[in-house]
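Coordinates in review
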Amino acid sequence: MLAVPEMGLQGLYIGSSPECSPVPSPPGSPRIQESCSIAPLTPSQSPKPEARVPQQASFSVVVAIDFGTTSSGYAFSFASDPESIHMMRKWEGGDPGVAHQKTPTCLLLTPEGTFHSFGYTARDYYHDLDPEEARDWLYFEKFKMKIHSATDLTLKTQLEAVNGKKMPALEVFAHALRFFKEHALQELREQCPSLPEKDTVRWVLTVPAIWKQPAKQFMREATYLAGLVSRENAEQLLIALEPEAASVYCRKLRLHQLMDLSSRAPSGGRLGERRSIDSSFRQAREQLRRSRHSRTFLVESGVGELWAEMQAGDRYMVADCGGGTVDLTVHQLEQPHGTLKELYKASGGPYGAVGVDLAFEQLLCRIFGEDFIATFKKQRPAAWVDLTIAFEARKRTAGPHRAGPLNISLPFSFIDFYRKQRGHNVETALRRSSVNFVKWSSQGMLRMSCEAMNELFQPTVSGIIQHIEALLARPEVQGVKLLFLVGGFAESPVLQHAVQVALGARGLRVVVPHDVSLTILKGAVLFGQAPGVVRVRRSPLTYGVGVLNRFVEGRHPPDKLLVRDGRRWCTDVFERFVAAEQSVALGEEVRRSYCPARPGQRRVLINLYCCAAEDALFITDPGVRKCGALSLELEAAEGGPDSAGTAPGRREIRAAMQFGDTEIKVTAVDVSTNRSVRAAIDFLSN
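Keep in mind it's a predicted model, so treat the numbers as computed, not measured.

Conventions used here
- Residues numbered from 1 in each chain as written.
- Predicted model: local features only at pLDDT ≥ 70, side-chain atom pairs only at ≥ 80, totals over all residues.
- Heavy atoms only, no water.
- Axes fitted to C-alpha atoms, helices over the stretch in contact; angles between N-to-C directions.
- Helix = DSSP H or I, 4+ residues; strand = E, 2+ residues; numbered from the N terminus.
- Parallel < 35°, antiparallel > 145°, perpendicular 65-115°, else oblique.
- Left-handed = near helix turned anticlockwise from the far one by under 90°.
- Contact = heavy atoms within 4.5 Å.
- Pairing = 2+ DSSP bridges.
- Phe/Tyr/Trp six-rings, centres within 6.5 Å; stacked < 30°, edge-to-face > 60°.
- Buried < 20%, exposed > 50% of the residue type's maximum accessible area, 1.4 Å probe, protein only.
- Lys NZ or Arg CZ within 6 Å of the ring centre and 35° of its normal.
- Nonpolar A, V, L, I, M, F, W, Y, C, P; charged D, E, K, R; others polar.
- Core = buried A, V, L, I, M, F, W, Y, C linked by side-chain atoms within 4.5 Å.
- Salt bridge = Lys/Arg side-chain N within 4 Å of Asp/Glu carboxyl O.
- Expected span 1.5 Å × (residues − 1).
- Polar contact = N/O pair within 3.5 Å; in protein donor to acceptor, adjacent residues only side chain to side chain.
- pLDDT = per-residue confidence, 0-100.

In this section: the packing of helix H4 (residues 169-191) against helix H5 (residues 213-226). Each pair of packed helices can be described by the angle between their axes along with the distance between the axes. In contact at an axis separation of 8 Å, H4 and H5 are set at 60° when each is read in the N-to-C sense. Between H4 and H5, the interaxial angle falls into the category oblique. H4 and H5 meet at a crossing whose hand is right-handed. Mapping the contact onto sequence places Ala169, Leu170, Glu171, Phe173, Ala174, Leu177, Arg178 and Lys181 in H4 and Phe218, Met219, Glu221, Ala222, Thr223, Leu225 and Ala226 in H5.

Below, the structure is given as structure tokens:
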């Protein structure tokens, strides 16, 4: 059955006839785009995907940037010793009791919009500004979540600073990434003066696994603007999915580097210093092979009880609990090379630590009034930042077994501003409010009971647990008995306790790496050194294009009928490239061939559609939406028949798409000349 890519009918020729007569499209057909017309060369039954081993360029060093919602940092390792991970220098400034191997994701721009500082320096400088002067400065914090929540993300999307002023989000992210680039390169030059700068660094940038393709492309565009890599050397940048990076790192950990929440002690067993989880799995499987009737493992084996329970071998879940999102992934460890196979598509939601911050803000609104809090944030932005810092410090000390109350400092600016706005003091506001678990301390602080603090955690923590439970109920992930809890929010005793109580009773072993907040960063470095470690992924959506198929009476709806040159066609047919939940191997290609409709045509543009369902039939079905466009930039064809005897105008362009990587990739070649064709998929221009 012939399938015609449906990009509009002007200039489109069917079969071998080069004649083209404009024919009006029926109602509901895609808009005609003459410059994008193409002709069919592939049948409706698509060829089987072919696997191609990715060719990896050589780099001297891998630098990974963990760009988080609340904190960020970088780390690196040299190709000569890939598993020796160097953490970035300790950051100046910071909060007492908080490790400084990351810095707050805070950006400060001057009133003119130029870069001033990032991280602790930005936060502290903004804190020290005069309140009136601070109104003119652009201070951005926790802005990564805006990319996740934006439903119509484009290169022109705006971000709002705390003073209400806006600027392009792409510039904000580029400023931050440029900061990390300069810091990392400076440190590399100091450690290795002989290291050539050009094309020697592979950059890795982490993003949540639940981010859609537009958000991933947005981050890549920001790296181009920041100068980390160029479009011509796009392979210098890898996008790493955060829970995947954590999984890559966790599989390398020794058991004494893990904390088993069921015992609240480092995992036991007399494990040798060189024994990793990989080797534990291998030995466990070997012992199971030798003695399948026994579930008991000798302590002398070095495997330990934690891994002895993994009989089916090798299935585990990673819950990345970060500042903005929770990301869940389930992997199967494959033998003999220790590669990973994704068992279910990445899932999660906006249940990060910032949810606790929002709950605290809502509590303040209940006490002091929503209108007052909004006015205070706008007119005293630096003081609002001070208040959030004070809450963050107390939030970190919250625990399920804490007995005493917590004091949260209110900035003098808050107390003074409230008295001027309302005509009475904050103590009066607390007495008049319906909130009876927050009192006023004579030291000028809000005094909150530990139960009240824990209540602020509950909506976010419950969302995380519900997502984990829903994923565990999926038939694809049955047999999972181990959960790695990672990410900055996983440091919280409140979250650790709640997850253990909820899931420990189900027989799930909950384990936390000792350096839990750095797990993703270190894993991203390892991923950059060996990107093929995740061998199989699951497609989160169904992707395809709209085509014309031969019309079949009784099977195709009458309103999809199109008659042209005596031939009957069915319009709007959804031709699938890959289905949601389909397992796709790294390097596996889906190939299609297209032909420009006119001699001399220099560009082919093909709309891409996606949906969550696996069985969509038409691009007009509910849930199917246009999500991007595949563009092919063609060089001028030489006149006369080509070496293959193809007549002028009948020019085959073969496109190969890969859906098994962290980004959807495409390459193309001109069959007649065997030359590469510039090909790209744009998800940001809808």
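Read from one edge to the other, the open sheet built from three strands follows the order S9-S8-S10, with strand pairing classed as antiparallel. Two strands bound the open sheet, and with one partner strand each, they are strand S9 (115-118) and strand S10 (138-141). Taking each pair of neighbouring strands and ignoring which way they run, the sheet shows an average axis angle of 15°. Inspection of the sheet shows strand S8 (residues 106-109) paired to S9 by three bridges, in the antiparallel sense. Across the sheet, the residue bridging to Leu107 is Phe118, located in S9. The strands touched by H4 within the sheet are S8, S9 and S10, with S9 carrying the most contacts at an inclination of about 65°.

Summed over all chains, the structure comprises 26 aromatic pairs. With a centroid separation of 4.4 Å and an interplanar angle of 0°, the aromatic rings of Tyr126 and Tyr139 are classed as stacked. Of this pair, Tyr126 sits in helix H1 (residues 120-128) while Tyr139 sits in strand S10, placing them 13 residues apart in sequence. Between Phe360 and Phe391, the ring centres sit 4.1 Å apart and the planes meet at 5°, which makes this aromatic pair stacked. Of this pair, Phe360 sits in helix H9 (residues 354-368) while Phe391 is found in helix H11 (residues 381-395), placing the two residues 31 residues apart along the sequence. Judged on exposure class, the residue Phe360 and its partner Phe391 are both buried. Among the aromatic residues, ring-to-ring pairing joins Phe368, Phe372, Phe376, Phe414, Phe417 and Tyr418 into one connected group. Cation over ring: Lys144 sits above Trp211, and NZ or CZ is 5.7 Å from the ring centre.

Let's shift gears to the sheet that holds strand S21 (residues 438-441). One open sheet holds the three strands; their spatial order is S20-S22-S21, and the pairing between them is antiparallel. Pairing within the sheet leaves two strands with one partner each, and these edge strands are strand S20 (406-409) and S21. On average, each strand axis in the sheet is inclined to that of its neighbour by 35°, with strand direction left out of account. Bridging between S20 and strand S22 (residues 445-448) involves four bridges; their strand directions are antiparallel.

At a closest axis distance of 7 Å, the pairing of helix H6 (residues 242-250) and helix H16 (residues 519-529) adopts a crossing angle of 80°. In terms of their interaxial angle, H6 and H16 are classed as roughly perpendicular. Contacts between H6 and H16 involve Glu242, Glu244, Ala245, Ala246, Val248, Tyr249 and Cys250 from the first element and Thr519, Ile520, Lys522, Gly523, Ala524, Leu526 and Phe527 from the second. Along the lines of polarity and charge, the residues of the contact of H6 with H16 split into nine nonpolar, two polar and three charged.

Counting buried positions along strand S13 (residues 201-207) yields seven of seven residues, so the element is predominantly enclosed. Going residue by residue along S13, you find Val201, Trp203, Leu205 and Val207 tucked away on one face and Arg202, Val204 and Thr206 tucked away on the opposite face as well. Where strand S4 (residues 61-67) lies against S13, five bridges are found, and the strand directions are parallel. What sits directly across from Ala64, in S13, is Val204. Note: S13 against strand S14 (residues 237-241), five bridges, orientation parallel. Looking across to S14, one finds that Val207 is bridged to Leu241.

A few words now on unusual backbone geometry. It is generally the case that most residues other than glycine have a negative phi and that most peptide bonds are trans. Backbone geometry at Asp565 places phi at a positive 50°, although glycine is not the residue there. As for its position among the elements, Asp565 is in the loop between strand S27 (561-564) and strand S28 (567-578). The phi dihedral of Glu581 is positive, around 75°, even though this residue is not glycine.

Moving on: the nonpolar core. Of all hydrophobic cores here, the largest spans 150 residues; its most connected members are Phe140, Trp203 and Phe368. Sorting elements by how many residues they give to this core places H4 first, with 12 residues. Apart from residues no more than four positions distant in its own chain, Trp203 is found in contact with Val63, Ile65, Lys181, Ala184, Leu185, Leu228, Val229, Gln236, Leu237 and Leu238. Within the second largest apolar cluster, 32 residues are counted, among which are Val584, Tyr594, Phe659 and Val677.

Turning next to helix H12 (residues 412-422). Residues Phe414, Ile415, Asp416, Phe417 and Tyr418 constitute the buried set of H12. Considering only its buried residues, H12 is in contact with H9, helix H10 (370-379), H11, helix H13 (426-432) and S21. Downstream of H12 by a residue or two, Gly423 has a phi angle that is positive, lying close to 85°.

Throughout the structure, instances matching the rule amount to 34 salt bridges. The partner of Glu581 in a salt bridge is Arg538, and the shortest N-O contact between them spans 3.7 Å. With Glu581 in the loop between S28 and strand S29 (583-585) and Arg538 in strand S25 (residues 534-538), this pair connects stretches of sequence that are 43 residues apart. Exposure class is identical for Glu581 and Arg538. Each is buried. One salt-bridge network, held together by shared partners, links Lys142, Asp357, Glu392, Lys395, Arg396 and Glu491.

Let's shift gears to helix H15 (residues 493-504). Its 12 residues place the ends of H15 15 Å apart at the C-alpha level, agreeing with the 16 Å of an ideal helix rising 1.5 Å per residue. For H15, the set of buried residues is Val494, Leu495, Gln496, Ala498, Val499, Gln500 and Leu503. Of the residues that open H15, the one with a side-chain oxygen 3.2 Å from the backbone nitrogen of Val494 is Ser492.

This brings us to the side chain of Ser247. Checked against the element boundaries, Ser247 lands in helix H6. Take Ser247: its relative accessible area is 0%, and that puts it in the buried class. Here Ser247 is in contact with Tyr316, Val318, His331 and Leu340, once residues within four sequence places are set aside.

Summing up the model confidence of the protein chain, the mean pLDDT is 82 and the portion of residues at 70 or higher is 80%. Taking the mean pLDDT of every element in the protein chain, the minimum, 36, falls on strand S2 (residues 38-40) and the maximum, 97, on S14. Across residues 265-277 the pLDDT falls below 50, and counting only partners more than four positions away or on other chains, this stretch makes 38 contacts in the model. Ignoring residues within four places in sequence, the model shows residues 640-647, a span with pLDDT below 50, making five contacts including any to other chains.

Mapping Gln379 onto the fold places it in helix H10. Along the backbone, Gln379 and Asn163 are 216 residues apart, and their C-alpha atoms lie at a distance of 7.5 Å. Once you skip the residues sitting within four places of it in the chain, Gln379 turns out to touch Arg135 and Phe417.

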